[in-house]
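Fold and contact review
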Amino acid sequence: MPNAATRTVQAGLSGIILSAIVLVVLVLVPVSVRHSAPFGSVQTVDFSRSIAVMGGEITPNYPGFDRVDLDLRAYGDGAPDDRYDFVLRLQTVEEPQVIRRVAFSVAADRIPATRSAFAPISTAVEFDPIPDSAGQTYYVSIERGARNADDIVTLWGIRSYSTVSVPDVLLAAMDGYRLGFSPGTDRKVILVAAFLTILAGSVSAAAVAGATWPARSQPVGGRDRPASRP
Amino acid sequence: MSAGGTSQTGRALDAAQIDAGVLEAPTRPTRPAAGRSLAITARLSSLVVAADRVWLPALLLFFVIKQVLMVMLIGPFSGHDEVDHFWYVQRFAAGNGLGVVGDVELPPEARPYEPFVADYPLNSEVIQPPLYHAALAIIGNLLPGDTLTTMFVYRLVSVALGLGVVWVSYLIARQLFPGDISVRIGLPVFVALQPQFSFEAAIVNHDVLVILLATLGCWLTFRGIATGFSWRLCLAIAVISAAGLWTKVSFGLILPVFAVGLVIAAVDGYRSSRTTDRNVTLALRYLAGRGLVLSGLPLLAITPWFARNLDLYGDPTGSARLQEISDYALSASSYREMVFSPVFWRGRLDDFWGNYGWREIPWDQSVSQVVYLCWGIAAVGFLAVVLRQATSWRVARLTPVLDGFQARCVGLSVLAVALMVFAVLYVGTLQFTQSRFAFPAMFAFALLSVLGLGAWLPARWRWVVPVVLLTGLLVLNLLVAVRFVIPYYVGPGGGQLVVPEQ
């Protein structure tokens, strides 16, 4: 078994290589980020009338807005063919204009009025990305299809998403957070801390992998020992 | 009388023998006059198995760096009760004494954080015992910085306390399973990377000190089961318990674990002595004397606080006052309603893993369902361990999974989890409850999870457990930070971040 110094060097080198791989993956693989909203979603309750309405305003805080997750609830005995048809409309608020229109259909049993605790609660609707969505306000509304125009369906909440790269999120963090230094220093501190976290995580993973490696050929103690009864 | 002394000697040798083939024996300082720092280093080094002297420092360093990053990324004062705790500390730092709930108001600087305050403009946290806050106030007095800087420094103290939890979790793993690398690594890895614990250890909140003290107390209790409860050990546990109670009264719910540990040690001592030497009176004296120190001293220490609460609020813990926080009391429920509500348990699972701050940053269901599935697999595995263990006591040809010492300590860990789950339910009968009230048993959740995951694999493949656990938790933490946490606070188009005025 190599000594501690050798293992430290091995873990360090492996960690550096691993962190380089992680960084490449993070740069190349896009992620779907959820836009900023308290409790994750925009509630579509009209408090003045105590009802849920079929639309709500959202303000994506990232560019590339391309998806909403809708919490739809259908009441009643079910729709024809056990499916509900909908049209999602996305319009700008400043100059009311529909910029995305998506027709979609959902199985009735996917959007029951009451659900078990662990049942999926959202229906994802994707559309072409809106490049300049950051900071813009949109009105998302749902219209029932012709087949089920008279059925009672409500929209309880909307979550919205953009697909961006991890460096985009890191840049937003560097620009957005204030640590009490000068803005330039804040940016550097966050960048260095993020890089060190990836490096230290990689070294840690390499060290754990290195520590467990010889264990495969060794008898494992502890739980495999015969019991020593008191 | 040295309860359990015989078995301990056997156990210590056993552990060393198991390690001998694979690991170096623990080293002790050979130069007694080499200086205090060398002695401390040697002492620390003796606590770490030789094979762990690379991955453990790497993990601890990673924990610190990750936590420092979290300290920066979690918006100021957006942690649960962070506003109240911070200004409770500042109250002491300014030389003001204990306040009375209902009278103490938050300062105007707290106004931007009203959404993060339970009972604005009142500071509800002055209901809490003041150890954590008074200790931080000493640091606060040394800081010339502004509110933001002071908050960051207090958060760094939480990082240090969290580091202590990870370290003691390792010590527990080493104590219970010295020859099993999957548990030795898996347990601290689980604690270090558990997302909600990481959040807790990056905000200003006394919970992380409670977690550290509870973990320390359990470690010493396990030591007592192994070596017997010396007076010194009893005193150490009593001091920890008193500190815990002076940090948060709910610490009292972990005390039965220490008491049951003492009973186990007494029974072990009685049963391990020769039949002719067995003396019930002696065993009872052992139990009563040490029990008095273990439970009497902490209760005596906390009595002034109970008396004050009784005088001010009409009940010793002040918990009834919590029901007066209007919105929170509306969330109160009965035990029956909570226990039989799947929605309640789904919410507690969400709290346990994610739902940062005041549930402001939940995970998406797709992420949490994967985590719950993995944890469910671990839970089923742990049930299999229990079943196998129970069966082996009755069927002679079956080898038990755990030896006697391990079974006792794992049993106590189950008790710790049960008591902390009760704590969550108890708070739920008063007000809005959260899973973080169960976090003093975080090491136990980790231990049972790691044992459960290992149960699915044959012994020669259990080395996979910590590797998979670490990889999975690293990916989870990264994913959650990038997809939910950072975008919640900041983005090119704004976010929920509120920075204090300088």
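Residues numbered from 1 in each chain as written. Chains lettered and ligands numbered in written order. Predicted model: local features only at pLDDT ≥ 70, side-chain atom pairs only at ≥ 80, totals over all residues.

**Focus: the overall build of chain A**
Rules: Only DSSP runs of H or I covering at least 4 residues are called helices, and only runs of E covering at least 2 are called strands; the numbering of each starts at the N terminus. As a rule, residues whose C-beta atom has 12 or fewer other C-beta atoms within 10 Å are exposed, those with 20 or more are buried, and those in between are partly exposed; C-beta atoms are placed from the backbone. With C-beta atoms placed from the backbone, a contact is any residue pair whose C-beta atoms sit within 7 Å.
Counting secondary structure elements, chain A contains 3 helices and 11 strands. Helices (α) and strands (β) of chain A occur, in sequence order from the N terminus, as α-β-β-β-β-β-β-β-β-β-β-β-α-α. Within chain A, buried positions represent 35% of all 230 residues. For chain A, contacts bridging at least 24 residues in sequence account for 80% of all contacts bridging at least 6.

**A closer look at the overall build of chain B**
Keep this limit in mind: As defined in this context, the radius of gyration uses C-alpha atoms, and a globule is described by 2.2 Å times the residue total to the power 0.38.
What chain B contains, in helices and strands, is 21 helices and 0 strands. Against the globule reference of 23 Å for 502 residues, chain B gives a C-alpha radius of gyration of 23 Å, in line with a compact fold. Its C-alpha atoms give chain B principal-axis dimensions of roughly 70 × 60 × 50 Å. For chain B, buried positions account for 51% of its 502 residues.

**What to know about the sheet that holds strand E7 (residues 83–92) of chain A**
Strand-to-strand pairing in sheets goes through backbone hydrogen bonds, with the strands running parallel or antiparallel. Residues and elements named next belong to chain A. Going by this rule: Two strands make a pair as long as DSSP finds a minimum of two bridges between them. Angles here are taken between N-to-C directions and fall from 0 to 180 degrees, while the axes themselves are lines fitted to C-alpha atoms, restricted in helices to the stretch in contact.
Taken in spatial order, the 4 strands of this open sheet run E5-E10-E7-E8, and their pairing is antiparallel. Pairing within the sheet leaves two strands with one partner each, and these edge strands are strand E5 (55–58) and strand E8 (97–107). On average, each strand axis in the sheet is inclined to that of its neighbour by 20°, with strand direction left out of account. Bridge analysis of E7 against E8 gives 10 bridges, and the strand direction is antiparallel. The residue bridging Thr92 from the neighbouring strand is Gln97, located in E8.

**Topic: the nonpolar core**
Note the cut-off: As used here, a nonpolar core is made of buried Ala, Val, Leu, Ile, Met, Phe, Trp, Tyr and Cys residues. They are joined through C-beta atoms within 7 Å.
Core analysis: the largest hydrophobic core is formed by 179 residues, its most contacted members being Ile172, Leu187, Val191, Met442, Phe443 and Ile486 of chain B. Once residues lying within four places of it in the same chain are set aside, the contact partners of Met442 of chain B are Val165, Val191, Gln194, Phe197 and Ile211 of chain B. If you look at the next biggest cluster of nonpolar residues, it comprises 16 residues, including Leu72, Leu90, Val153 and Leu155 of chain A.

**Describing the confidence of the model for chain A**
Convention followed: The predictor rates its confidence in each residue with pLDDT, a number between 0 and 100.
Overall, the prediction assigns chain A a mean pLDDT of 85, with 90% of residues at 70 or greater. Long-range and interchain partners of residues 216–230 of chain A, a stretch whose pLDDT sits below 50, account for 38 contacts in this model, where long-range means more than four residues apart.

**A look at the confidence of the model for chain B**
All names here are of chain B. With 90% of its residues at a pLDDT of 70 or more, chain B has an overall mean of 88. Low pLDDT, under 50, characterises residues 1–33; the stretch is placed with 58 contacts to residues that sit more than four places away or in other chains. Among the scores for the predicted complex, ipTM is 0.90 and pTM is 0.90.

**Topic: the interface of chain B and chain A**
Selection criterion: Nonpolar residues are Ala, Val, Leu, Ile, Met, Phe, Trp, Tyr, Cys and Pro. Charged residues are Asp, Glu, Lys and Arg, and all others, Gly as well, are polar.
Of the residues lining the interface, 72 residues belong to chain B; the matching set on chain A comes to 65 residues. Among the elements that line the side of chain B that touches chain A, the one with the most residues is helix H21 (residues 464–489) of chain B, at 12 residues. In terms of residue class, the side of chain B that touches chain A is built from 43 nonpolar, 14 polar and 15 charged.

**Some points on the pairing of strand E10 (residues 138–144) of chain A**
All names here are of chain A. Pairing of E5 with E10 involves 4 bridges; the strand directions are antiparallel. Following the sheet pairing, Gly55 is matched in E10 by Ser141. Pairing between E7 and E10: 7 bridges, direction antiparallel. Each residue of the ladder has a partner; that of Leu90, found in E10, is Val140.

**Comments concerning the environment of Trp345 of chain B**
Tracing the backbone shows Trp345 of chain B in helix H16 (residues 342–353). The class for Trp345 of chain B is partly exposed, based on 14 C-beta atoms found within 10 Å.

**Looking at the environment of Phe422 of chain B**
Here Phe422 of chain B shows up in helix H19 (residues 404–430). Between the C-alpha atoms of Phe422 of chain B and Ala438 of chain B, which are 16 residues apart in sequence, the distance is 8.3 Å.

**Regarding unusual backbone geometry**
Residue and element names in this part refer to chain B. Residue Pro121 is bonded to the preceding Tyr120 through a cis peptide linkage, with omega at 5°. Looking at the element boundaries, Pro121 is found in the loop between helix H4 (82–93) and helix H5 (131–142). In this structure, Phe77 takes a positive phi of about 65° despite not being glycine. Looking at where Phe77 falls in the secondary structure, it is placed in the loop between helix H3 (55–73) and H4. In this structure, Asp81 is a non-glycine residue whose phi angle is positive, near 60°.

**Points about the UniProt feature "transmembrane region" (unreviewed entry) in chain A**
All names here are of chain A. Formally: UniProt positions are given in the numbering used here, feature names are shortened, and annotations may be inferred rather than shown by experiment.
Look at the UniProt record and you will see "transmembrane region" (unreviewed entry) annotated at residues 12–33 and 189–213. Structurally, residues 12–33 is divided into 77% helix and 18% strand, and its ends, taken at the C-alpha atoms, are 32 Å apart. Spanning residues 189–213, this segment combines 96% helix with 0% strand, and its end C-alpha atoms are found 35 Å apart.

**Quick word on the packing of helix H6 (residues 147–176) of chain B against helix H9 (residues 207–227) of chain B**
All names here are of chain B. Heads up, the condition is: Geometric relationships in this document are graded by angle, where less than 35 degrees denotes roughly parallel, more than 145 denotes roughly antiparallel, 65 to 115 denotes roughly perpendicular, and other angles denote oblique. Left-handed is the label given to a crossing in which the near helix is rotated counterclockwise from the far helix by less than a right angle, and right-handed is the label when the rotation is clockwise.
Across the interface, H6 lies against H9 with an axial gap of 9 Å and an inter-helix angle of 20°. With respect to H9, the element H6 is oriented roughly parallel. The chirality of how H6 crosses H9 is left-handed. Contacts between H6 and H9 involve Ser158, Leu161, Gly162, Gly164, Val165, Val168, Ser169, Leu171, Ile172, Gln175 and Leu176 from the first element and Val208, Leu209, Ile211, Leu212, Thr215, Leu216, Cys218, Trp219, Phe222 and Arg223 from the second. Tallied by class, the residues present in the contact of H6 with H9 amount to 14 nonpolar, 6 polar and 1 charged.

**Regarding helix H12 (residues 280–313) of chain B**
Residues three or four positions apart in an α-helix share a direction because the helix packs 3.6 residues into each turn. All names here are of chain B. For clarity, the threshold we go by: A residue's bend is the angle separating two fitted axes: one through the seven residues that end there, the other through the seven that start there.
Of all the bends in H12, the greatest reaches close to 45° and is centred on Thr303; the proline Pro304 follows between one and four positions later. For H12, the complete set of buried residues consists of Tyr286, Leu287, Arg290, Leu294, Ser295, Pro298, Ile302, Trp305 and Asn309. The secondary structure elements touched by the buried residues of H12 are helix H10 (231–247) and helix H11 (255–272). Once H12 finishes, Gly314 follows within two positions and takes phi at roughly 90°, a positive value.

**Let's talk about the environment of Val499 of chain B**
The residue Val499 of chain B is located in the segment after H21 in this model. Between the C-alpha atoms of Val499 of chain B and Leu235 of chain B, which are 264 residues apart in sequence, the distance is 45 Å. Discounting residues that sit within four places of it in the chain, Val499 of chain B has contacts with Arg178 of chain A together with Pro76 and Leu148 of chain B.

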